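As a plain string of letters, each chain reads:
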Amino acid sequence: MAELHIIGQIIGATGFPQKSLFCKWGVHAGGAWRLLSGLKEGQTQVDIPQTGDMAYWSHPIDLHYTTKGLQGWPKLHLQVWHQDSFGRCQLYGYGYIHVPSSPGQHRLQCVTWRPLGSWQDQLAEMFVGGGPQLRSSDLIYSGADRYRLHTVGMGTVELELCVILRHFDRYGVES
Amino acid sequence: MTEKLRAAKSKAASLLEQESIIEPASRLQSLRDRDTLTRFDRDTDPDLQADEDSSFAARLKFRDAARRAAKDKRAEAGLPTAEEAYNFFTFNFDPEPQQQRRKKRQSRRREAELEREHEGEEESEARDEDAPLVRDEEEDLFIIDQSAQDFLEVRRAEYIGYSRRLQRERETLFVPSMRPVPASSKLPENVRPRYLEEEGLYVGERPHVCLTNQNILENRILKQAEGRKWFGDDGCIIALPDPIKESSSRPPLFHLEDELDPALQAVYRKALKTKHVNLYIAGMGDPQADYQLDVDVSGLIFSHHPLFSREHVLAARLAQMYDQHLTRQHKNLTRLLTDKVTQKCASKTKLPALSQVTQQRIAEYKHEVRHTRQLRDVEQEKDRALLKSIIRVWKELKALRDFQRFTNTPFKLFIRREKVDGEQDEQEFENDIMAEVSELEAEAEEDYQRKMSEYRRQHEEWKSWKRKQKALKKKQKKKRQQEEEEEDEEREEELGEEPEKPEPPEKPDTGDLEEQVREKAARIRRKPGEPVLIPELTVSGPITPNEQCPRAEFARREDVAKRALFIKVLYNDKEVSRTDSRTLNMDFRVHFGQIFNLKIVNWPESIKLQVFESVGSSTSQLTEVCVPVPESSVLTGSAPFEEMEFSSNQRVTFNHEGVGSGVPFSFEADGTNTQTLLTSGKLSCCVSWAVGEDDVPLAPPSSQPGGGMYSGHRQMDAIACIGASGLNDMKKLGKWAAESRLDPNDPNNASIMQLLSVVSSGDVAVPEYFRLEQLQEEFNFLSDEELQRSRRFRLLRLRSQEVPEFRHFKCVPSMEREVSEKVFQDYEKRLKEGEIIDTKEHIDAHRALVAKYLQRVRESVINRFLIAKHHFILSDVVSEDEVPSIGVLGWNLFKLAEPKRPLKPCRKERKKVTAQNLSDGDIKLLVNIVRGYDIPIRRPYASKPPASAKSGRSFTEPFTAPVSSQTPQQGSEWPFGQVTPLVRPFVEVSFQRSVLQTSTAEGPNPCWNEEIVLPFSAPNGDYSSTSLQSVRDEVFINIFDELLYDVVEDERERGNTIHTRIERHWLGSIKIPFSTIYLQSRIDGTFKVSTPPVLLGYSKERSLGSEGGYDAVRSLSEGTFLSLFITIEPQLVPGDTVREKFDSQEGERLLIASEVFEKEASGRFPKRPCLTTVIDINGKTVFVTRFIRPLNPPQELLDAFPNSPQETAEVVARYVSLVPSLPDSVSFAGVCDLWSTCDQFLTLLAGDEEEHAVLLCNYFLSMGKRAWLIIGIAIPEGPTAYVLTYEQNRYLIWNPSTGQHYGQYDTFCPLQTIGCLISSDNVWFNIQPYAAPVRMSFDVSKPNLWKAFFSRAFPDPGLSSVQPEGLVYRHTDRAVAVELQDRIEKVLREKIMEWRPRHPTRWNRYCISTLRQFLPKLELSGGREVAEEHRLELQSLLGEYRISGFPLHLPFSEIRPIIEAVHSTGVHKVEAPNVEFALAVYVHPYPGNVLSVWVYIASLVSAH
């Protein structure tokens, strides 16, 4: 009855072309994992930083999992969105990061990418916003066919996760 | 002169240019730069200065000259005088500066005339400076002469000639030539350049470099020390392959506009066999993986060659046959089969012929023996034939040698005879024959037996047919006359065809058999006693030397000697290497013995060996042999040589002895018996994978699909039979082994046999399922069941699922053992109860079913709501104070200036508290009871004056003073002169098990003005708005009359002590649900107290006209009233109704219109409720007018008062009010009202005001009244629905839940605000200035008072009703009602006894029976006062008792509310020692299962 607590926050994001950002996040775990409590997906507020490059969200994450196996260790997938001055939202980046498997506090940085459309898309994006998005967000963490995408790197999302493992040692998993 | 000038000009210009190069910035043509210019002129150009002063310059130059002269003087002896020198130099140099100066002047003049003056000044200055120098110079002349040798040296300008310079440069510098470097110099001596590309190795394309550059580089490098190391084996500079790719590695993806994401699009490919998919061996990327194929070409033997002589042909044939013989002998099939036959015979005889199985086995054995024997016979025959033909060919060969008189081949055949023991041999032979014969006999016998039995069966059939025919014929004769026609048909049918008479089989002839066997044996076998012939071929025979041969033969031999052979090795159709060419020997054998190591990159597809024959310089390909690619297990060293047969269909003819190829030739002299032979032979080679240094096979992994590339020696056994994939399936393999009857003794099958034995014993279970996450199961920590069993996890999960029982679980223990199983008991019980209907709580099954259905609807709605609850809007998350607008601000400022009116206090808005920061004890319920009106007064017991007198007296003493103050007004009415208070009421408020009461006041119109504070605790400590909304507690406000009885026993003590017993008599009550208070945040007003129709001992007669002011108002209504103010402290934010949009079947336009209408209405009059769309029980939005439709009330009700429509209406209203009320905002926790249609409502028998109102309205409509639905606000219900009718020129407002009706101008009408009216075809919103019914007009035709939804702009689209056509009422069974009645009575009695644990409860049977008779009358009268008569009746019966009691009237839903109602009256609290109780219950059935319950409860105290 190994248990895993993931407690932490999505601190914020840096390095994106625009500063007014928000983030949609979700945790994906394998079939052996069972969520006992907590929300496994969510969305942060839009932060419009007045100073500095970083958009701060400080969005809490609090999950409690139990598992019967190590396969499919939870991973966090993120979508960073930009809200422009007209209130329209536009995708700015996808990224995913594995939840650390060692207990303790971890400061993580998740780099993000964004699909790059054809030149028409890019032109349209420049003038009217919008842009290509993945049809199914599973691709963020499964990545079977990702090599066929044209992507462009975006900024990084900073996270702070505290991982608490419980009873993993009973099953021979040393932490 | 002009020419000179021009030249000077140009010179000056060039000079200027030079200057500008030196300092270009100073040349800018601006005033600012002028200064710079002049300074420059002065400082940096000494020439110019010299121009200014020629003498100075001349002197300088002279100084130089003097120096040089001094030097010369040293070199030569002769010295010119100073004068001479001076003259010489001045003469020479003077005119030049003069000219220059003029030129300068001229050029300058044009450029800068302004500068002139300035410059002139400077020049003069310069001259001033120079002046002393000039003077000095004349003195210095001598000094110069002396010091010239000391300081100065005059030298000629150094110049080296061009050619000399080149020469010198050539010594130091090296210029590489551009000519190509000869290859020899680039490589070490005696090394031929090696081109890797030609060797079949991949060499990348070199980057393009200009040839001259390359040559220069090569030349330069070669000059360096160790220059050669830069060159590769091929003599070129070592270079990496060109890194530049021709095309972009990321070619642009073109996709259509709608297919944005290429990653998600599948590319359809046909199911084609891809040829080049596995061209490269997997794992070639890593350096360890180099694979090597060793091709060993050992040699070649021609079985026929065009240069064969006739003898050669025969010899080859002989050799071939001999080879065959040898292999046959080696295999020794005959012996093997013979052994097998004998073995099987032996085992057959061993078997006991008992059981069915062994019988079958024997049959199988027989079959096998026969089969094996046949095989053996064939083999024997072959052996014998081979031996014969060997001998024949040898004879022919010998004949040929004799004929041509020379020998070409060294073959010699010896035939060895091996003697055998004749007797034994014969014995064996005989035995064998006998065995075979006997077997054949047995077989024949068996066959005969089978045939016999067959014959018998057929014979039997034939006989029976015969018999039948005979019988039939007899019958036919009898019946022929009667039914000829039918008979005919029948006969034809029955007889059918006549079966043949079977012939008995012949007996087999055994003697014949033996002869046959013997004949066969003689044909194919060695005769007994005959010696065994063993041929032996040797190559030791001499060959006739060339000289002794005839010409033709000699030519042939010459030709043979000319021939040479070599073999090319082709790998994947690419030539990788070739053998050395070897000459063809006389014996037509070529030995190569070469091994080629092929380092391979590509997956091997084919390995070919091409045999080439060269005659002189011309080569021709003889043939091509394909060598199979070896299995990866075939390694060098262990791989056997394979002989590949080849042949060629070339036609070759010769004019010498060579027989040629593809042309007919003959051995016979006469040219008959021609035969045609084609070039053929055997190539001996071996292809295998090399073994690396550390014994690692350099073979690619065998998992690579071979693509059907099986090596030649691989036997196509099991794999061919069941397919390669079948090898993994042990079952299949086993099946195949069983079917094909593998010989377990065959060493070839040993491995399979072993495998099968392992499998059958070990029983490897192959799972018959597909698993998505492989290896998940294997690595699981624990099973699912274990995980499920964990109580803690279950608790956590249920909590996060917000299951009601666990929703408010704050802390979950961290240890498993701390979670007890009890936690889940309630939950599991509830789950189980889902199916079981509790028949105790619900009286009849129908109601239980309805309750269950309701529960299910509730759950689904709640689930839906829970989902909707998680959708937050901004105001849910962010609490933001609204910025006050200018208008509000201005108004507030204006208010500051207002005069203060301390005597008119107004309520301040309290701050609202959000639910999050609340805990137990924070919330209090404030109930302010202001005053009461028309409380029933006690009725004196007129008939029994002593009793009343006594009681009266007992009151007087302690309360004389206060009572006397009131009595002046009231006392006069009482018949008795005594000061008896009319009533001493107090109010008791009970809420959530806490009970508080006011002080006791006096009189029927008391004024308490007391505030009662009741604590409130939310269920499970959850103070969220949803939880608060679902609080189902009610505030009970009961009015009691307090009676004091003197219980002093001893008259003497009366002076000193007071012993009184307080009795309380319930007068009436008000119920206000908490949810109403919560949603309205405060309740303020005068409410009608629901009083029982009969109050024994009290009268409702008004104290006539005493309090003048109120009379006018009160006279309009009846009953008791109570002024209340109820609120919650602190004020809570009521939850919002659900924002979720429900799906709808209404038109889009209608929905938008209704939204606009509602928005507009709430904008103008935010306090007036407006309703256009409602949600039906299925959760769909429905336009509200669809609910209004005339529906028939039960006929019984209409028949009750056929003459009085008013009465009928009241009866109908009463009927509607009897349907139990269930506020759905409580059950559907803040979800919003769910409207059910009338039939649903009557089926469920539960609903809130809307359903009641709709039903009542529909009834009224069907009764021909003009009726509307009122959506308004009433107290205490809050937003609710009433019914408005228009009859006899006045409007009546009906409260559907109570059945009461009020006139429009009734002050005590609970309806406070009217928002809108709804009829079946329109909705009108109230836009009048006032919303109270008293002050408004109900004329909906006036558009300035009522705003209609459907107007001319948006006409009614003709909405159909959702209501049914008509209602069907079931007649309620009287018996059911009686049964229910009994049960309620029983339950109530038990309860009352339970509530009085310390006192005995006695029942007065006499009173009970009286009450029972009375209750039906009450029902009949519709609850109207029949009290007087009844009271008198009771009084006469129970004269000696003091009775207090009342009937309670309730609609029936469940028993629990009845019990509560009884309990709240507090009748059971009477503690007089001699009290007796009376309880009677009456249930009156109405159509449609509507039940009216009457409970009459009374306490009787003996007057004695």
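Throughout what follows, the structure given in this document is the object of discussion. What you are looking at is a predicted structure, and each value in this text was computed from that prediction instead of being measured.

About the thresholds
Residues numbered from 1 in each chain as written. Chains lettered and ligands numbered in written order. Predicted model: local features only at pLDDT ≥ 70, side-chain atom pairs only at ≥ 80, totals over all residues. Heavy atoms only, no water. Helix = DSSP H or I, 4+ residues; strand = E, 2+ residues; numbered from the N terminus. Buried < 20%, exposed > 50% of the residue type's maximum accessible area, 1.4 Å probe, protein only. Contact = heavy atoms within 4.5 Å. Phe/Tyr/Trp six-rings, centres within 6.5 Å; stacked < 30°, edge-to-face > 60°. Lys NZ or Arg CZ within 6 Å of the ring centre and 35° of its normal. Pairing = 2+ DSSP bridges. Core = buried A, V, L, I, M, F, W, Y, C linked by side-chain atoms within 4.5 Å. Salt bridge = Lys/Arg side-chain N within 4 Å of Asp/Glu carboxyl O. Axes fitted to C-alpha atoms, helices over the stretch in contact; angles between N-to-C directions. Parallel < 35°, antiparallel > 145°, perpendicular 65-115°, else oblique. Left-handed = near helix turned anticlockwise from the far one by under 90°. Nonpolar A, V, L, I, M, F, W, Y, C, P; charged D, E, K, R; others polar. Expected span 1.5 Å × (residues − 1). Arc of directions from axis to C-beta.

1. Brief notes about the overall build of chain A
Reasoning step 1: Along the backbone of chain A there are 2 helices and 9 strands.
Reasoning step 2: Going from N to C terminus, chain A has its helices and strands arranged as β-β-β-β-β-β-β-β-α-α-β.
Reasoning step 3: By the burial criterion, 51% of the 175 residues in chain A qualify as buried.
Reasoning step 4: Across chain A, the fraction of contacts at a sequence separation of at least 24, relative to all contacts at a separation of at least 6, is 76%.

2. Comments concerning the packing of aromatic side chains
The geometry of an aromatic ring pair comes down to the distance between the two centres and the angle between the two planes.
Reasoning step 1: Across all of its chains, the model carries 30 aromatic pairs over all chains by this definition.
Reasoning step 2: When the centroid spacing of 5.3 Å and the interplanar angle of 50° are considered together, the rings of A:Tyr94 and A:Trp113 count as tilted. You can see A:Tyr94 sitting in strand β7 (residues 89–98) and its partner A:Trp113 sitting in strand β8 (residues 104–115), a full 19 residues away along the chain.
Reasoning step 3: Between A:Phe168 and B:Phe781, the aromatic rings sit 6.1 Å apart at their centres with planes inclined by 90°, giving edge-to-face as the arrangement. Here A:Phe168 is found in the segment after β9 (151–166), whereas its partner B:Phe781 is found in the loop between α20 (750–762) and α21 (784–789) on a different chain.
Reasoning step 4: Taking NZ or CZ as reference, B:Arg1064 lies 4.4 Å from the ring centre of B:Phe1040, over its face.
Reasoning step 5: Looking at B:Lys1265, its charged tip hangs above the ring of B:Phe1260, at a distance of 5.6 Å from the centre.

3. A word on the sheet that holds strand β26 (residues 1173–1176) of chain B
Sheet strands line up and pair through hydrogen bonds in the backbone, either parallel or antiparallel.
All names here are of chain B.
Reasoning step 1: With mixed pairing, 3 strands are arranged side by side in an open sheet as β27-β26-β28. Each edge of the open sheet carries a strand with a single partner, namely β27 (1181–1183) and β28 (1234–1235).
Reasoning step 2: Pairing between β26 and β28: 2 bridges, direction parallel. Looking at β28, one finds that aspartate 1176 is bridged to tryptophan 1235.

4. So, the nonpolar core
All names here are of chain B.
Reasoning step 1: Counting 92 residues, the largest nonpolar core has Leu925, Val927, Ile1037, Leu1124, Ile1384 and Tyr1496 as the members making the most contacts within it.
Reasoning step 2: Here this core gets 9 residues from one element, more than from any other, and that element is strand β38 (residues 1490–1502).
Reasoning step 3: Beyond its immediate chain neighbours, meaning those up to four positions away, isoleucine 1037 contacts Val927, Val987, Glu988, Val989, Gly1068, Ser1069, Ile1070, Ile1072, Leu1122, Leu1124 and Ile1126.
Reasoning step 4: With 52 residues, the next largest nonpolar core counts Leu1245, Cys1257, Tyr1259 and Tyr1369 among its residues.

5. Considering the pattern of salt bridges
Reasoning step 1: Applying the stated rule across the entire model yields 33 salt bridges over all chains.
Reasoning step 2: Here B:Glu575 ties to B:Lys568 by a salt bridge, and the two come within 3.3 Å at their closest N and O atoms.
Reasoning step 3: With a shortest N-O distance of 2.2 Å, B:Arg1412 and B:Glu1385 are connected by a salt bridge. Pair noted here: B:Arg1412 is in helix α39 (residues 1405–1420) and B:Glu1385 is in helix α38 (residues 1374–1395), with a separation of 27 residues, a long-range link.
Reasoning step 4: On the basis of relative accessibility, which here comes to 5%, the residue B:Glu1385 falls in the buried class.
Reasoning step 5: Through salt bridges with shared partners, one network takes in A:Glu3, A:Arg166 and B:Arg792.

6. So, the environment of B:Glu1063
All names here are of chain B.
Reasoning step 1: By the element assignment, glutamate 1063 lies in strand β21 (residues 1060–1073).
Reasoning step 2: On the basis of relative accessible area, glutamate 1063 is assigned to the buried category, the value being 3%.
Reasoning step 3: Along the sequence, glutamate 1063 and leucine 1043 sit 20 residues apart, while their C-alpha atoms lie 4.9 Å from each other.

7. Remarks on the packing of helix α34 (residues 1205–1218) of chain B against helix α37 (residues 1249–1262) of chain B
Residues and elements named next belong to chain B.
Reasoning step 1: Two elements in contact, α34 and α37, have axes whose closest approach is 10 Å; the angle formed by their N-to-C orientations is 155°. Judged by the angle between their axes, α34 and α37 are roughly antiparallel. Note on packing geometry: the crossing formed by α34 with α37 is right-handed. Each of Ala1209, Val1212, Ala1213, Tyr1215, Val1216 and Ser1217 in α34 lies in contact with α37, whose residues at this interface are His1252, Leu1255, Leu1256, Tyr1259 and Phe1260.
Reasoning step 2: Its residues assigned to classes, the contact of α34 with α37 comprises 9 nonpolar, 2 polar and no charged.

8. Regarding helix α10 (residues 211–223) of chain B
All names here are of chain B.
Reasoning step 1: Between its first and last C-alpha, α10 extends 18 Å over 13 residues, near the 18 Å set by a 1.5 Å rise per residue.
Reasoning step 2: Where α10 is concerned, the buried positions are Gln214, Asn215, Glu218, Asn219 and Ile221. Buried residues along α10 cover an arc of 165° about the axis, so they all sit on one side.
Reasoning step 3: The inward-facing, buried residues of α10 abut α9 (183–186).

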